Amino acid sequence: MAEAKTKPAAKVSKRKAVTAKKTKKVKTKLVKTDVETAVQTVVEQEKEKRERVLTSRHKRMVEKAKVRASMPEAAPAPQPDVEAVRITDVAGVVYDAEEYQKMVNMYDATIRDIKEGEVVQGTVIGVTRDDVIVDVGFKSEGIIPITEFTQPLNIKVGDEIEVFLEQIEDSNGQLILSKQKADFMRVWEKIREVHDSGDTIEGTVARRIKGGLVVDIMGVDAFLPGSQVALRQVPDFDALIGQQMQVKIIKINKSRRNIVVSRSVVLEEERESLRSTLLNEIAVNQIRQGVVKNITDFGVFIDLGGVDGLLHITDMSWGRIRHPSEMVSLGEKIDVKILDFDEKTSRISLGLKQMTPYPWENVEQKYPLGKRVKGRVVSITDYGAFVELEKGIEGLIHISEMSWTQHIKHPSKIMNVNDEVEAVVLSVDKENEKISLGIKQMEPDPWITIEEKYPIGTIVSGRVRNLTAFGAFVELEEGIDGLVHISDMSWTKRIQHPSEVMKKGDKVEVKILRIDHENRRISLGYKQLTEDPWSEIAKKHAVGTECLGTITRVMDRGVIVELDGGVEGFVPTAQLGRKDLTDPTGVFNPGDEIPLQVIELDRNQHKIVLSVSAYYKKREQAELDSFLTKHPVEKTTMADAMPEELKKAAESAPEDTSADTHSDESTGSETPESDSPEKTE
């Protein structure tokens, strides 16, 4: 069977193929566009239909409400009899005309005609922790946040309240009501009239918020800034909660329900009124009542009724006070006296103590000299203690009037503040308001009978209480000291310091030498416990006597030597055997033994002067030379006299310049003849 020959397809040009493809795409796109447009059209038609139905229903309800509102309630319109219509409900129950009419009336009674943006009457049907449920006669109840009601909450089920209808239905189909907006709308006209007229209105501080207070005005919250609460800064805003006050409305905004009030404006007006009245009535020496407005360290500011006066701390009491708060407190009402008034600056000086008698009047009769008085220590200083005898009268017990015998360093050693003490009046100065007191006068003066207890020449024992450069104080009994002068410590030695003989705290025996009643001093002697040896010393060391002495101390004007028997003598520098000697320091040393001859003796002054030169005057020169060899004098050169800094500089300088010369020769240079070391030398 022969194969069928297939006819080859006709060739299509490239341009035609592209055109056919574009045509196919356009047709497909047009088909799709027509379907989408049809669906969208149907959706829009359904939406428009629903909106039209809802709008027509709303219009019908509004028209029916208007008709019912215009018809009188007493004579309702008669309903036509419809016999041919059968009325049934969803369940198929048949109603006659009378039953149907009752049902219609019942429905009309429950559904009220209310509008958004109006204040309506409602009944509380429930109170929860967060909300209050209110029935306003609509198909659904409204819910109001409990925070919109004043605290403490005094609302209960069954109460009728006015509420503001914000919206008939929200997304949940409930009414949106507001209690605060209803309160605001109810009193808005009154608030606006008060604001426009500039009158004041009474409010109650409800609570504190950031920046100020919330004030309840006719049931509406108003803001009272902290700067407008009072004329001065209020320390505690919480103390004002619950108080009623007159305020002035300074700013209102109905759309935001914002009301701003001020109390300081009202107070300022009252103050200016009182100020003008007070300045016309005030006079010096007048007594007026005021309120403590401020307390400082230096005084108290008193509000006299529009004008402040200063009550200085010195004018508060005749007595001593440390701080004004000891006598007054903030807000206290007190009577004060006008001391001074400056009409130009309106400054008023007040006084409180001036309202009581001057306590220093007839003070001489109340506190005569020698009278024993009792008082309380109110202050202690380095020089004494102040004692309050009565309010406004103080006396000073000087530290010197506290004890006959004790050495008191500070009054606090024997008394403290608030101690009750008894003293004797020593002097009274009414003009300067001073009274001198003494407590040592309460006991007899022991210095009056001191000679009977310590006769002159008596040997007594005591304790070394203190050492000074000029002597030692010995305590004979508590408060009674005597002085052992440094010259009364030894017959034969020159004492440089009392510590060479006695130490602090030592028990020593001394002799009473003198008693000075006027200066209350006792002179004691330590060397007087032994006999005066100078009668024997004068015989043993008469002028011209030769002896051997041991150097104990070297001074620039001579040396001190100790002779046989513990007697000290003095050898002047000029008598040490050398004519050229100016300072024995370094030439003679302590411990050296030197031959001497007595050249002067003063028994009364207890003084012996000796000489080395007089001793060798009668001897050969060889003996003197031998003595001088043992005590050579070092010669002082110019180098020795140079300061240490110059000595060190000279030592650090190069001593020989030959090295420099050699260096010059090695380099082939010649040293000038004038600069050669030999020439220079």
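Check the entry above for the structure.
Fair warning: this is a prediction, and the values are worked out from it, not measured in the lab.

### Comments concerning the overall build of the chain
Line of reasoning, step 1. Of regular secondary structure, the chain possesses 13 helices and 32 strands.
Line of reasoning, step 2. Of the contacts formed within the chain by residues at least 6 apart in sequence, a portion of 57% connects residues at least 24 apart.
Line of reasoning, step 3. Taken as a whole, the chain presents about 45000 Å² of accessible surface, with 50% of it coming from carbon and sulfur.

### Some words on the packing of aromatic side chains
Line of reasoning, step 1. Counted under the stated rule, the structure contains seven aromatic pairs.
Line of reasoning, step 2. Taken together, a centroid distance of 5.1 Å and an interplanar angle of 90° make the contact between Tyr615 and Tyr616 edge-to-face.
Line of reasoning, step 3. Since its relative accessible area comes to 16%, Tyr615 is described here as buried.
Line of reasoning, step 4. Ring centres of Tyr616 and Phe627 lie 5.3 Å apart, and the angle between their planes is 40°; this geometry places the pair in the tilted category. Placement of the pair is Tyr616 in helix α8 (residues 612-617) and Phe627 in helix α9 (residues 621-630), with a sequence separation of 11 residues.

### Digging into the sheet that holds strand β7 (residues 175-178)
Line of reasoning, step 1. With mixed pairing, the five strands of this closed barrel are ordered in space as β3-β4-β5-β7-β6. Each strand axis lies, on average, 50° off the axis of its neighbour in the sheet, ignoring direction.
Line of reasoning, step 2. Docked against the sheet, helix α3 (residues 179-197) engages β3 (119-127), β5 (142-145), β6 (160-167) and β7, running at close to 100° with respect to β6.

### Quick notes on the nonpolar core
The tendency in soluble globular proteins is for nonpolar side chains to be buried side by side.
Line of reasoning, step 1. Of all hydrophobic cores here, the largest spans 25 residues; its most connected members are Val561, Phe588, Ile594, Leu596, Ile608 and Leu610.
Line of reasoning, step 2. For this core, the secondary-structure elements that each account for two or more residues are α7 (534-540), β28 (546-555), β29 (558-562), β31 (593-602), β32 (607-611), α8 and α9.
Line of reasoning, step 3. Residue contacts for Leu596: discarding those within four places in its chain leaves Thr545, Glu546, Cys547, Gly549, Val561, Leu563, Val571, Leu610, Ser611, Val612 and Tyr615.

### Points about the environment of Ile201
Line of reasoning, step 1. Here Ile201 shows up in strand β8 (residues 200-209).
Line of reasoning, step 2. We classify Ile201 as buried; its relative accessible area is 9%.

### Looking at the pattern of salt bridges
Oppositely charged side chains can pair when the atoms bearing their charge come close.
Line of reasoning, step 1. In the structure shown here, the tally under the stated rule is 16 salt bridges.
Line of reasoning, step 2. With a closest N to O distance of 3.6 Å, Arg192 and Asp196 form a salt bridge. You can see Arg192 and its partner Asp196 sitting in helix α3, four residues apart, about one turn around the helix.
Line of reasoning, step 3. Between Arg208 and Asp238 there is a salt bridge, and its shortest N-O distance comes to 3.7 Å.

### Remarks on the side chain of Thr468
Line of reasoning, step 1. Within the element layout of this structure, Thr468 appears in the loop between β23 (459-467) and β24 (471-477).
Line of reasoning, step 2. When residues no more than four places from it in sequence are discounted, the contact partners of Thr468 are Phe473, His497 and Pro498.

### With respect to the environment of Ser325
Line of reasoning, step 1. Within the secondary structure, Ser325 sits in the loop between β15 (308-312) and β16 (333-342).
Line of reasoning, step 2. Its relative accessible area of 43% is what places Ser325 among the partly exposed residues.
Line of reasoning, step 3. In the structure, Ser325 is positioned 30 residues away from Ile295 in sequence and 7.0 Å away in space, judged by C-alpha atoms.
Line of reasoning, step 4. Within the structure, the side chain of Ser325 is placed 2.8 Å from the side chain of His323, a separation counted as a polar contact.

### Re the pairing of strand β21 (residues 420-429)
Line of reasoning, step 1. As paired strands, strand β18 (residues 372-380) and β21 are joined by five bridges and run antiparallel to one another. Within β21, the position partnered with Val373 by the bridge is Ala423.
Line of reasoning, step 2. Two elements, β21 and strand β22 (residues 434-438), share five bridges in a ladder whose sense is antiparallel. What sits directly across from Val424, in β22, is Gly438.
Line of reasoning, step 3. Turn length for the β21-β22 hairpin, with the two strands adjacent in sequence and antiparallel, is four residues, and the turn residue Glu433 shows positive phi of about 55°.

About the thresholds
- Residues numbered from 1 in each chain as written.
- Predicted model: local features only at pLDDT ≥ 70, side-chain atom pairs only at ≥ 80, totals over all residues.
- Heavy atoms only, no water.
- Helix = DSSP H or I, 4+ residues; strand = E, 2+ residues; numbered from the N terminus.
- Contact = heavy atoms within 4.5 Å.
- Areas by Shrake-Rupley, 256 points an atom, 1.4 Å probe, with all protein chains shown as cover.
- Phe/Tyr/Trp six-rings, centres within 6.5 Å; stacked < 30°, edge-to-face > 60°.
- Buried < 20%, exposed > 50% of the residue type's maximum accessible area, 1.4 Å probe, protein only.
- Pairing = 2+ DSSP bridges.
- Axes fitted to C-alpha atoms, helices over the stretch in contact; angles between N-to-C directions.
- Core = buried A, V, L, I, M, F, W, Y, C linked by side-chain atoms within 4.5 Å.
- Salt bridge = Lys/Arg side-chain N within 4 Å of Asp/Glu carboxyl O.
- Polar contact = N/O pair within 3.5 Å; in protein donor to acceptor, adjacent residues only side chain to side chain.

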